[in-house]
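# Reading the structure
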Amino acid sequence: MSMGKEMPKVIAVSSGKGGVGKTFISVHMAAYAADKGQRVLLLDADLGLANVDVMLGLQSKGSVLDMVRGEKSLKDLLVHCDAGFDVLPGGSGLYELTALDATQQQVMMDEMRQVSSDYDLVIIDAAAGIGDNVLYFVSASEMALVVLTPDPTSLTDAYALIKVLSRQRNVRRFMVVVNQADAFDAQVTFRRLLSVADRYLDVHLDYVGHLPYTTDVRRTIQSQSLLKAQDAPLTRQALDTLYEATLSRPRNPSRNGGLQFFWEHSLNEGMNVTPAESKGGV
Ligand SMILES: Nc1ncnc2c1ncn2[C@@H]1O[C@H](COP(=O)(O)OP(=O)(O)O)[C@@H](O)[C@H]1O
Ligand SMILES: [Mg+2]
């Protein structure tokens with residue numbers, strides 16, 4: 001039905017609080033999908049301590065500033081990693097996107113849209129909290145994945161993130177992963193989140209699974225490599241189950257796929273943007 005190629009599925013991984021496992025989950029999801037034959041791009045928009053560069057032992061090839069100045073293209077900045085997917089490393093400075101001026105942001109967006117059309121799946125490690133960059137990337141994505149742990153502050157912060165995304169950016173559907181919890185605690189944690197969200201927000205939360213707390217994760221991160229089945233069969237099994245569920249969720253029919261940046265949403269959904277303004281803005 002569609003003309004040309006299908007738009008990639010774009011999943012933004014975010015959390016209320018930092019240190020909950022977003023980067024570990026994003027990197028391994030990229031590897032899982034690549035292993036299943038998908039063409040995968042991982043965009044690291046997080047300035048965490050153990051970011052994607054560190055976890056995979058990658059070095060950035062330049063910064064997005066070189067790109068907006070026209071000295072490099074986004075493709076020049078991508079690093080192909082052994083696990084079979086491409087990465088825009090965090091060291092490239094994507095986490096500073098909202099600090100760029102409007103023209104530079106436009107250059108970035110055009111390049112990201114163009115490059116992403118070469119892939120089946122784009123995963124964005126979108127950082128923690130409710131900063132502009134997080135809101136920007138999550139609202140630009142077809143699907144939002146929120147990671148939390150049973151820690152009460154993680155729950156409150158996840159709720160705050162979902163609230164801001166739904167009220168300010170009209171993001172209504174969220175996949176939820178509970179990390180560092182067994183199946184029972186994960187369910188309890190999800191139900192807590194669900195009960196407040198159902199009461200106060202107009203959102204749909206979809207529990208996609210959990211990952212237990214295990215020293216395998218810490219060891220894997222320290223070794224700057226990916227978790228291997230022979231070293232950690234139970235954790236590998238847990239990851240496979242989680243990703244199978246996450247990646248088999250139906251696509252979001254209210255989003256078009258690919259990266260849809262905020263003012264495109266604004267145009268589509270008529271949020272506070274007059275036609276005159278929107279023309280000037282884009
Ligand atoms: N399932 C887990 N079991 C044990 N430790 C974990 C688990 N998930 C994350 N961690 C620990 O939490 C730290 C932060 O993980 P990371 O993926 O960098 O989080 P984020 O990207 O959300 O800041 C890791 O260094 C790791 O030691
Ligand atoms: Mg991180």
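Residues numbered from 1 in each chain as written. Chains lettered and ligands numbered in written order. Predicted model: local features only at pLDDT ≥ 70, side-chain atom pairs only at ≥ 80, totals over all residues. Heavy atoms only, no water.

## Remarks on the overall build of the protein chain
Rules: Strands are runs of DSSP state E lasting at least two residues, helices are runs of H or I lasting at least four, and both sets are numbered from the N terminus onward. To sort residues, take the accessible area from a 1.4 Å probe on protein chains only and compare it with the maximum for the residue type: under 20% means buried, over 50% means exposed, and anything in between is partly exposed. Residues count as neighbours in contact if any of their non-hydrogen atoms are within 4.5 Å of one another. In these tables, accessible area is a Shrake-Rupley quantity obtained with a 1.4 Å probe, and a residue counts as shielded only by the protein chains included in the view.
Summing up its helical and strand segments, the protein chain has 12 helices and eight strands in all. Split into buried and exposed, the 282 residues of the protein chain put 53% on the buried side. Put simply, 79% of the contacts in the protein chain that link residues at least 6 apart link residues at least 24 apart. In the structure as shown, the protein chain presents an accessible area of about 13,000 Å², 52% of it carried by carbon and sulfur atoms.

## Considerations on the site of ligand 1
Put simply, the test is: By convention in this text, a residue qualifies as near a molecule or strand provided that one of its non-hydrogen atoms is within 4 Å of it. Whenever a nitrogen or oxygen atom comes within 3.5 Å of another N or O atom, the pair is scored as a polar contact, on the condition that within protein one atom can donate a hydrogen and the other can accept it, and that pairs from neighbouring residues in sequence are kept only if both atoms are in side chains. Each residue is assigned to one class: nonpolar for Ala, Val, Leu, Ile, Met, Phe, Trp, Tyr, Cys and Pro, charged for Asp, Glu, Lys and Arg, and polar for all the others, Gly among them.
The environment of ligand 1 is made up of 18 residues, and the closest members are Gly19, Gly21, Lys22, Thr23 and Asn179. Here an oxygen atom of ligand 1 sits 2.9 Å away from a polar atom, N or O, in the main chain of Phe24. Burial of ligand 1 by the surrounding chains reaches 87%, relative to a free accessible area of 560 Å². Elements with a minimum of two residues in the shell around ligand 1: α1 (22-35) and α9 (215-222). By residue class, the composition of the shell around ligand 1 is nine nonpolar, six polar and three charged.

## What about the environment of Ala128?
Mapped onto the elements of the fold, Ala128 is located in strand β5 (residues 121-128). Along the backbone, Ala128 and Leu161 are 33 residues apart, and their C-alpha atoms lie at a distance of 8.7 Å.

## Let's talk about unusual backbone geometry
Of note in the backbone geometry, Ala127 takes a positive phi value of approximately 75 degrees without being a glycine. Among the structural elements, Ala127 can be located in strand β5. Accessibility expressed as a relative area gives 11% for Ala127, which makes it buried. Although it is not a glycine, Gln224 sits at a positive phi angle of roughly 50 degrees.

## With respect to the packing of helix α6 (residues 132-140) against helix α7 (residues 152-169)
What counts here: Only the contacting stretch of a helix is used when fitting its axis, a line to C-alpha atoms as for every element, and angles between N-to-C directions run 0 to 180 degrees. Every angle not falling under 35 degrees, over 145, or within 65 to 115 is termed oblique; those three ranges are roughly parallel, roughly antiparallel and roughly perpendicular. Should the near helix be turned anticlockwise from the far one by less than a right angle, the crossing is termed left-handed; should it be turned clockwise, right-handed.
One can describe the packing of α6 onto α7 by two numbers: an axis separation of 11 Å at closest approach and a directional angle of 65 degrees. If you check the angle between α6 and α7, you find them roughly perpendicular. Regarding α6 and α7, the two cross each other, and that crossing is right-handed. Where α6 abuts α7, its residues Val134, Leu135, Tyr136, Val138 and Ser139 lie against Leu161, Val164, Leu165, Gln168 and Arg169. The class makeup of the residues in the contact of α6 with α7 is seven nonpolar, two polar and one charged.

## Points about the packing of aromatic side chains
Under the convention used in this document: A pair of Phe, Tyr and Trp rings is counted when the ring centres sit within 6.5 Å of each other, with Trp represented by its six-membered ring. The angle between the planes then sorts it: under 30 degrees is stacked, over 60 is edge-to-face, the rest tilted.
Taken as a whole and assessed by the stated rule, the structure comprises three aromatic pairs. Between Tyr136 and Phe137, the ring centres sit 5.8 Å apart and the planes meet at 85 degrees, which makes this aromatic pair edge-to-face. Relative to Tyr207, the ring of Phe190 has its centre 5.2 Å away and its plane inclined at 45 degrees; by these criteria the two rings are tilted. Here Phe190 is found in helix α8 (residues 183-200), whereas its partner Tyr207 is found in strand β8 (residues 204-211), with 17 residues between them in sequence. An identical accessibility class is assigned to Phe190 and Tyr207; each is buried.

## So, the nonpolar core
Going by this rule: Nonpolar cores are built from buried Ala, Val, Leu, Ile, Met, Phe, Trp, Tyr and Cys residues. Side-chain atoms within 4.5 Å join them into one set.
Counting 54 residues, the largest nonpolar core has Leu94, Met108, Met112, Ile124, Phe174 and Leu205 as the members making the most contacts within it. In terms of residue count, the dominant contributor to this core is α7 (seven residues). Among all residues touching Leu205, those that are not within four sequence positions of it are Ile162, Phe174, Val176, Phe190, Leu193, Leu194 and Ala197. Grouped together as the second largest cluster of nonpolar side chains are 40 residues, Ala31, Val52, Leu58 and Val208 included.

## A closer look at the coordination of the magnesium ion (ligand 2)
Heads up, the rule is: Ligating atoms shown are N, O and S within 2.8 Å of the metal, or 3.2 Å for Na, K and Ca, and water is not included, meaning a site may look less than complete.
Within the protein, the atoms that donate to the magnesium ion (ligand 2) are Thr23 (OG1) and Asp46 (OD), at distances of 2.0 to 2.5 Å. Here the residue Thr23 occupies a position in helix α1, and Asp46 occupies one in the loop between β2 (40-44) and α2 (52-56), the gap between them amounting to 23 residues. According to the relative accessible area criterion, Asp46 is buried, its value standing at 11%.

## Description of the environment of Val176
With respect to the element layout, Val176 can be found in strand β7 (residues 173-179). Measuring from C-alpha to C-alpha, the distance between Val176 and Thr246 comes to 9.3 Å, with 70 residues separating the pair along the chain. Dropping the residues within four chain positions of it, Val176 is found in contact with Val146, Leu148, Phe190, Leu193, Leu205, Asp206, Tyr207, Val208 and Gly209.

## As for the pairing of β8
Which entries qualify depends on this criterion: At least two DSSP bridges between two strands are needed for those strands to be called paired. By definition, the crossover connecting two strands over a helix is right-handed if that path, from the first strand to the second, turns clockwise as seen with the strands pointing away from the viewer.
The element β8 is largely enclosed, with a buried count of six among its eight residues. One ladder, built from seven bridges, connects β7 with β8; its direction is parallel. Pairing of Asn179 across the sheet is with Leu211, part of β8. This β-α-β element, β7 to α8 to β8, shows right-handed connectivity.

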